[in-house]
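Given next are the chains, with one letter for each unit.
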Amino acid sequence: MSRDEETSHTAPSTVVYVYGLTERVYERHLDDIFMHYGTLVRLRLFRTNARPWAVLEYDTEEAADRAIAHMDQGQIDGAHVTVSLTQRPDLEVREPRVPSRTTHDRPWPAPRGEARYAPVDHGWPAPPEHAPRSPSMSPA
């Protein structure tokens with residue numbers, strides 16, 4: 001199988017996608033739940049900006065169908081989940097961004113103990129020395 005075929009949106013019918021998971025769900029929880037429907041070949045949990053989601057691969061199509069039939073619109077950790085054979089296009093897996101280095105000579109991030117930013121003076125600027133003062137309007 002070529003690399004292009006592996007990354008295409010059409011997945012074999014043994015691959016199941018689980019959406020709507022909570023942050024408290026881990027791979028071991030999904031393994032405990034979904035192993036009851038067949039033998040899991042692979043399991044991967046993704047934590048993106050959206051809610052966490054997972055990809056499960058079963059050894060047979062029947063196992064994948066059982067998982068969908070029993071778990072679609074079911075609850076995991078109190079949240080209703082969607083279990084299907086199709087991947088949502090808005091949740092494509094992207095490589096994590098690598099932080100860029102600063103233009104300074106030191107590596108990113110700054111070592112402990114060093115300030116990352118210069119202190120900021122939030123006070124009003126001092127009046128110039130040569131500015132004439134206005135006469136006082138007080139009655140005294």
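Residues numbered from 1 in each chain as written. Predicted model: local features only at pLDDT ≥ 70, side-chain atom pairs only at ≥ 80, totals over all residues. Heavy atoms only, no water.

Draft legend 1. Inspection of the nonpolar core at higher detail. The biggest cluster of nonpolar side chains holds 20 residues, and the ones touching the most others in it are Val18, Leu21, Leu30, Phe34, Tyr58, Ile76 and Val83. The leading source of residues in this core is helix H3 (residues 61-71), at five residues. Setting aside chain neighbours within four positions, we find Phe34 in contact with Val18, Leu40, Leu56, Tyr58, Ala67, Met71, Ile76 and Val83. (Core = buried A, V, L, I, M, F, W, Y, C linked by side-chain atoms within 4.5 Å. Buried < 20%, exposed > 50% of the residue type's maximum accessible area, 1.4 Å probe, protein only. Helix = DSSP H or I, 4+ residues; strand = E, 2+ residues; numbered from the N terminus. Contact = heavy atoms within 4.5 Å.)

Draft legend 2. How the structure looks around the pairing of strand E1 (residues 15-19). The buried fraction of E1 amounts to five of the five residues, a majority that puts the element mostly inside the structure. In terms of strand pairing, E1 meets strand E3 (residues 53-58) through four bridges, oriented antiparallel. Within E3, the residue paired with Tyr17 across the bridge is Val55. Judged from the three bridges that link them, E1 and strand E6 (residues 82-84) form a sheet pairing that is antiparallel. Its bridge partner being in E6, Val18 is matched across the sheet by Val83. (Pairing = 2+ DSSP bridges.)

Draft legend 3. Focus on the sheet that holds E6. As summarised here, the arrangement of the four strands in space is E2-E3-E1-E6, forming an open sheet in which the pairing is antiparallel. Of all strands in the sheet, those bounded by a partner on one side alone are strand E2 (40-46) and E6. Ignoring which end each strand starts from, the neighbouring axes of this sheet average 15° apart. H3 contacts E1, E3 and E6 of the sheet and is inclined by roughly 155° relative to E6. (Axes fitted to C-alpha atoms, helices over the stretch in contact; angles between N-to-C directions.)

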